[in-house]
Amino acid sequence: MTAVPLQPPRRLVTFTLDGEETRVPEGSTILDACRSAGQDIPTLCQGDTLTPKNACRVCVVEVEGARTLAPACSRRAEPGMTVRTDTERARHSRKVVLELLASSTDLSTTPRAEEWIKEYEAEPGRFGADAARMNEQPKIDNDLYVRDYDKCILCYKCVDACGEQWQNTFAIAVSGRGFDARISTEHDAALPDSACVFCGNCIEVCPTGALSFSTEFGMRAAGTWDETAQTQTTTVCAYCGVGCNVTLHVQENEIVKVTSPHDNPVTHGNLCIKGRFGFQHVQNRD
Amino acid sequence: MDLRYTDATPTETEREAVDALLGPPSSGWDGGAERTGEDLRWARGGASAAKDRRDQLLPALHAVNDRVGWISEGALDYICRRLTVAPAEAYGVATFYSLFSVRPRPAKVLHVCTDLACAARGSQAVCADLTERLGSPGTPAEGAVWQESPCLGLCERAPAALLLQAGEDPVLQAGEDPAHTAPLSPPAPAAGTVRCSAALAPATAPALVTAVRAPLEAAEEPPAAAAVPQAGDPALVLLRRIGTVDPSSLDDYRSTGGYTALRRAFTLGPAGVIREVVDAGLVGRGGAAFPTGRKWQATAQQADGPHYLVCNADESEPGTFKDRVLMEGDPYALIEAMTIAGYAVGAGQGYIYLRGEYPRAYERLAHALRGARTRGLLGPDVLGQGYAFDIEIRRGAGAYICGEETAIFNSIEGQRGEPRSKPPFPVEKGLFGKPTAVNNVETLVNVLPILERGAVAYAATGTETSTGTKLFCVSGQVDRPGVYELPFGATLRELLDLAGPPERLRAVLLGGAAGGFVRPDELDVPLTFEGTRAAGTTLGSGVVLVLDDSVELPRILLRIAEFFRDESCGQCVPCRVGTVRQEEALHRIADRTGAAAAQDIALMREVGQAMRDASICGLGQTAWNAVESAIDRLGVYK
């Protein structure tokens, strides 16, 4: 059993959420409040272990008295606030943002994107066939993972995970500006020539599949990737004594990728190169 | 923090440029050529040292770019070692700003403005002519490269161009003692490439080619007063010194009432100053019209410290040039006003965040700062009152977004100039995470007449909710473009009458690219915050761009859309992609009207609404305003 450290008690904040008086611990975001009330708000750039950058703007809600909509993922509930999550204005913004995203990037491997596009009746095709896209070729410069920035929505999660929030390696950052902004190493160097230590923690947080294991990328290209046929087994990494939890994703008796549970108090989802990628020897059956 | 640097090495010149800013490296750990035995006994640097020096990143990038013309891999790596910054992050910062290049390019770069005021006055023809003489933009020729540029803030002399030549700093070369007052024009340069800049306006292609060949012999810029058609009028308040005093002379400044406001501030005390500013009803002139006194009060009462004062001099709104004229024509006024503001909010350090395209304003302000320090008007004991305050100028490097109040903080701190989410607001967590008051240049300069005359006398001018006078940047098709100062409440017609309107007026753009158009039959709109709001438009930063019927409006709208696409920081989706989709739609309907345009207009409306509602900052929220007003009020595509 893992010990969960208790936090000091927090005061409760009372505010109105969709007409209902709601009480949440001080410091909770509107999204936290919605989720504990069993309500679903779409979000892409929010991550459970990173400070949200609120860049995707899919989770916007209407706060009474505010000129603009607020991102539910990072706006904290304040006493007396009145929040509506499903107004016409909020729904319109979510719809357009989904259209803008789907028309400029490849959301085919983004979990739930298809579902939300349907729910909000978004029509990404209406910007025309000539609408500018990211148009990036997959960057394959090492054996461990692939960067397919055609799928990148610039949520900054990989940058935050590589930087001071998780890994402290600082191998990647956002370069350029506006529509030309890209996640990049210094001078756009190949990953093996950069500061990258191949911990794969950026893959762990990527919400769109822009970063993926070479195994997954290859199997998707071959049409053999089948998540429904996969099992997940969480075990303890055997490489050293830290005791990180690793979750092995197995398809047809082969490990196809490794993740790590975010609620583990030792790693919070982090692994090193060995835990993340060093699984070949397990299936070496000679 | 274990950072990995590249193997690229800087050239001697690049190393010198960085060391001139940061001083020589103290050991092998921070970029010294070799590690000595002593270095190897302990490690210096680390995360805390990095946090201390990260804010030198932008100045260091400038140092190399100013000296060499671009930033090589070796130079960037050396800067990173000196400052303990990760190379990927520094690369992200360097590629954010349009005045920097990370690819080789000539030392001479000619920026030709193609923005609104210049477009209305023939920049297209200048560019076409220039293409014939120097080749297409971006292609080096004759040791120079030219490129199209967003607004250079020289709108009264449109069409405009700015030539920047990298090279050795002539001031440093002459061995100037920073404590002494320097001559305004740099001394004659020695052999070799000397850093210089030349604002060329009004620009013609032949004159630009001549200037490119010999930048140091380019015709001198007219004095700041040339931009003030009312110069010498005794009714002027904010502009009263421009053209009547020498901007380089502190004595001139003091003999015309300079530093009486600061003396009064010291007798009133910080709380008294804030009370005067509140009573005067001063609101911000940068565009948002927030009450200045309330902002100061909120900053002053924060328990966390230190407090900072930031002067927003990143005047990049197309069509705006009033702050440039104030800074070039009356630099001591800004310094005195900042000293008062710093005293009121309890700040010991002020920053002027100046846009990179204003070399003359930089020179004048730097000179004035040295003068003020020498006379004890800045420094550890201002006027012997026991108040310590100093000001540093930070140059931007070509990014409109850095005029957004929180993007300024990121830029000064050495991060990408992306805006931050609010709340928390700057008064609570601003520069370096500390309470910060951010004010525009014009706002700050208003503090002087408030303290000189008293709040009541100040508030007697203007209307009840818009007190005082306002500076307007009149450009486009008028006889006398320039900065005008009028009491709030004057009508647009009165302003245009002063500037000489065109015979066949088509439209007036108020508030710049983020503002709105008004029709010729709406000229009686009172120029106040409430009056323009009631008329469905905005005063914004004071832009009054006048267009006659020779101008193709769809082309102007396209330029506005292009501007926002280029200047979006790219952080949030509605703005990053929305600005692109809007520009695409405007391209599609460039020559269409009526039903043929209706579908794309509906599309733009939907995207515009989402940008207004869901963007992180004001850029995305206002990017659709001007185009929308042109469609609704001018019926452009009918």
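Side note on the overall build of chain B
Counting its secondary structure elements, chain B contains 26 helices and 14 strands. Scaling as 2.2 N^0.38, a compact globule of 638 residues should have a C-alpha radius of gyration of about 26 Å, and chain B matches this with 24 Å. For the C-alpha atoms alone, the extent of chain B along its principal axes is close to 80 × 60 × 50 Å. At a minimum sequence separation of 6, the contacts of chain B that also span at least 24 residues come to 73%. A total accessible area of about 22800 Å² is found for chain B, and carbon and sulfur atoms account for 51% of it. Taking the 62 positively charged and 79 negatively charged side chains of chain B as two groups, their mean positions are separated by 2 Å.

As for the overall build of chain A
Scanning chain A from terminus to terminus reveals 7 helices and 12 strands. Here the C-alpha radius of gyration of chain A, 20 Å, is about what a compact globule of 286 residues would show, namely 19 Å. Over its C-alpha atoms, taken along the principal directions, chain A stretches across nearly 65 × 55 × 40 Å. The buried share of chain A, reckoned over its 286 residues, is 54%. Sequence separation of at least 24 residues holds for 56% of the intrachain contacts in chain A that already meet a minimum separation of 6.

Comments concerning the interface of chain A and chain B
In this complex, chain A contributes 48 residues to the contact, which on the side of chain B involves 51 residues. Interface area for chain A against chain B, summed over the two sides, is near 4000 Å², with a carbon-plus-sulfur share of 56%. Contact with chain B buries surface across chain A, with Phe170(A), Arg177(A) and His187(A) losing the most and accounting together for 21% of the total. Between chain A and chain B we count 4 salt bridges in total.

Remarks on the pattern of salt bridges
Within this structure, the stated rule accounts for 65 salt bridges over all chains. Linking Lys139(A) and Asp188(A) is a salt bridge whose minimum nitrogen-to-oxygen distance equals 3.8 Å. Of the two residues, Lys139(A) sits in the loop between helix H3 (113-119) and strand E6 (145-147) while Asp188(A) sits in the loop between strand E8 (182-184) and helix H5 (201-205), which places them 49 residues apart along the sequence. Judged by relative accessible area, which is 42%, Asp188(A) ranks as partly exposed. Of the charged contacts, one joins Arg588(B) and Asp600(B) as a salt bridge, the two residues approaching to 2.9 Å between their closest N and O atoms. Of this pair, Arg588(B) sits in helix H23 (residues 573-588) while Asp600(B) sits in helix H24 (residues 595-614), and the two are 12 residues apart along the sequence. Via salt bridges that share partners, Glu156(B), Arg157(B), Glu221(B), Arg324(B), Glu328(B) and Arg360(B) belong to a single interconnected network.

What to know about the sheet that holds strand E12 (residues 254-259) of chain A
Residue and element names in this part refer to chain A. An order of E10-E11-E12 is seen for the 3 strands of this open sheet, with the pairing classed as antiparallel. The open sheet has two edge strands with one neighbour each: strand E10 (230-236) and E12. With strand direction ignored, the average angle separating the axes of adjacent strands in the sheet is 30 degrees. Here E10 pairs with strand E11 (residues 245-251) via 7 bridges, running antiparallel. In the sheet register, Gln232 faces E11, and the bridge partner there is His249.

A closer look at the packing of aromatic side chains
When we look at a pair of aromatic rings, we describe it by the centre distance and by the angle of the planes. Throughout the structure, instances matching the rule amount to 18 aromatic pairs over all chains. With centroids separated by 6.3 Å and ring planes inclined at 50 degrees, the aromatic side chains of Tyr308(B) and Tyr351(B) adopt a geometry described as tilted. Note that Tyr308(B) is positioned in strand E5 (residues 307-313) and Tyr351(B) in strand E6 (residues 347-354), a separation of 43 residues in sequence. Residues Phe488(B) and Phe529(B) carry aromatic rings whose centres are separated by 5.2 Å and whose planes lie at 45 degrees to one another, so their mutual orientation is tilted. Residue Phe488(B) is located in the loop between strand E11 (482-487) and helix H20 (492-499), and its partner Phe529(B) is located in helix H21 (residues 529-534); the two are separated by 41 residues in the primary sequence. Residue Phe488(B) shares its accessibility class with Phe529(B), and that shared class is buried. What links up through ring pairs into an aromatic cluster is the set Tyr145(A), Phe198(A), Phe213(A), Phe277(A) and Phe279(A). The residue whose ring lies beneath Arg177(A) is Phe96(B), and the NZ or CZ to ring-centre distance is 5.8 Å. We note Arg581(B) situated over the ring of Phe127(A); from NZ or CZ to the ring centre the distance is 5.4 Å.

Brief notes about helix H9 (residues 205-213) of chain B
Residues and elements named next belong to chain B. Buried within H9 we find Ala205, Leu208, Val209, Ala211 and Val212. Viewed along the axis of H9, the buried residues span an arc of 160 degrees, placing them on a single side of the element. Exposed side chains of H9 directed beyond 90 degrees from the buried face belong to Thr210 and Arg213. Here the buried face of H9 lies against strand E1 (108-113), helix H7 (123-134), strand E2 (144-149), strand E3 (161-165) and strand E4 (196-200).

Comments concerning the pairing of strand E14 (residues 543-548) of chain B
Both faces of the sheet carry side chains from a regular strand, because those side chains alternate between them. Residues and elements named next belong to chain B. E14 sits mainly inside the fold: 6 of its 6 residues count as buried. Here E14 shows no split at all, with Val543, Leu545 and Leu547 on one side and Val544, Val546 and Asp548 on the other all buried. Bridge count for strand E10 (residues 469-476) against E14 is 4 bridges, and the pairing is parallel. Across the sheet, Cys473 pairs through a bridge with Val543, a residue of E14.

Notes on the sheet that holds strand E2 (residues 20-25) of chain A
Residues and elements named next belong to chain A. Ordered by their spatial adjacency, 5 strands build an open sheet running E2-E1-E5-E3-E4, and the pairing between neighbours is mixed. Every other strand in the sheet has two partners, leaving E2 and strand E4 (70-71) as the edge strands with one partner each. By the bridge criterion, 2 bridges tie strand E3 (residues 60-63) to E4 in an arrangement that is antiparallel. Within E4, the position partnered with Val61 by the bridge is Ala70.

Remarks on the nonpolar core
Counting 182 residues, the largest nonpolar core has Tyr97(B), Trp296(B), Leu334(B), Ile352(B), Phe517(B) and Ile560(B) as its most contacted members. In terms of residue count, the dominant contributor to this core is helix H14 (residues 331-345) of chain B (11 residues).

Things to note about the packing of helix H2 (residues 88-104) of chain A against H23(B)
Direction vectors running N to C along H2(A) and H23(B) enclose 70 degrees, while the axes themselves pass 9 Å from each other. The orientation of H2(A) relative to H23(B) falls into the category roughly perpendicular. The two elements H2(A) and H23(B) meet at a crossing, and its hand is left-handed. Counted together, Val97(A), Leu100(A), Leu101(A), Ser103(A) and Ser104(A) of H2(A) and Val573(B), Pro574(B), Val577(B), Gly578(B) and Arg581(B) of H23(B) form the full contact between these two elements. Class assignment for the residues of the contact of H2(A) with H23(B) results in 6 nonpolar, 3 polar and 1 charged.

A short note on helix H12 (residues 292-300) of chain B
Buried within H12(B) are the following residues: Thr292(B), Gly293(B), Lys295(B), Trp296(B) and Thr299(B). For H12(B), the angular spread of the buried residues around the axis is 160 degrees, confining them to a single face.

Here's the deal with the side chain of Gln571(B)
Its location among the elements puts Gln571(B) in the loop between helix H22 (553-567) and H23. There is a polar contact of 3.1 Å between the side chain of Gln571(B) and the backbone oxygen of Pro419(B). Beyond its immediate stretch of four places on either side in the chain, Gln571(B) contacts Lys53(A), Ala55(A), Leu154(A), Tyr156(A), Glu418(B), Pro419(B), Arg576(B) and Ile616(B).

Quick notes on unusual backbone geometry
Omega for the peptide link from Ala158(B) to Pro159(B) comes to -5 degrees, which places this bond in the cis form. Summarising the element assignment, Pro159(B) is placed in the loop between E2 and E3. Here the bond from Ala201(B) into Pro202(B) is cis, since omega is -5 degrees, no more than 30 degrees from zero. With respect to the helices and strands, Pro202(B) occurs in the loop between E4 and H9. The phi torsion at Asn135(A) lies on the positive side, around 50 degrees, for a residue other than glycine.

Focus on the pairing of E10(B)
Residue and element names in this part refer to chain B. In terms of burial, E10 is largely enclosed, as 8 of its 8 residues are buried. With 6 bridges joining them, E10 and E11 adopt antiparallel strand pairing. Bridging across to E11, Thr469 finds its partner in Pro487. Adjacent in sequence and paired antiparallel, E10 and E11 are bridged by 5 residues.

Considering the side chain of Arg285(B)
Note that Arg285(B) resides in the loop between helix H11 (260-280) and H12. Of note is the side chain of Arg285(B), whose polar atom sits 3.2 Å from the backbone oxygen of Thr469(B).

Criteria and cut-off values
Residues numbered from 1 in each chain as written. Chains lettered and ligands numbered in written order. Predicted model: local features only at pLDDT ≥ 70, side-chain atom pairs only at ≥ 80, totals over all residues. Heavy atoms only, no water. Helix = DSSP H or I, 4+ residues; strand = E, 2+ residues; numbered from the N terminus. Rg over C-alpha atoms; globule rule 2.2 N^0.38 Å. Contact = heavy atoms within 4.5 Å. Areas by Shrake-Rupley, 256 points an atom, 1.4 Å probe, with all protein chains shown as cover. Lys, Arg positive; Asp, Glu negative; His and termini not counted. Charge placed at Lys NZ, Arg CZ, Asp CG, Glu CD. Buried < 20%, exposed > 50% of the residue type's maximum accessible area, 1.4 Å probe, protein only. Buried area = accessible area lost by both parts, 1.4 Å probe. Salt bridge = Lys/Arg side-chain N within 4 Å of Asp/Glu carboxyl O. Pairing = 2+ DSSP bridges. Axes fitted to C-alpha atoms, helices over the stretch in contact; angles between N-to-C directions. Phe/Tyr/Trp six-rings, centres within 6.5 Å; stacked < 30°, edge-to-face > 60°. Lys NZ or Arg CZ within 6 Å of the ring centre and 35° of its normal. Arc of directions from axis to C-beta. Core = buried A, V, L, I, M, F, W, Y, C linked by side-chain atoms within 4.5 Å. Parallel < 35°, antiparallel > 145°, perpendicular 65-115°, else oblique. Left-handed = near helix turned anticlockwise from the far one by under 90°. Nonpolar A, V, L, I, M, F, W, Y, C, P; charged D, E, K, R; others polar. Polar contact = N/O pair within 3.5 Å; in protein donor to acceptor, adjacent residues only side chain to side chain.

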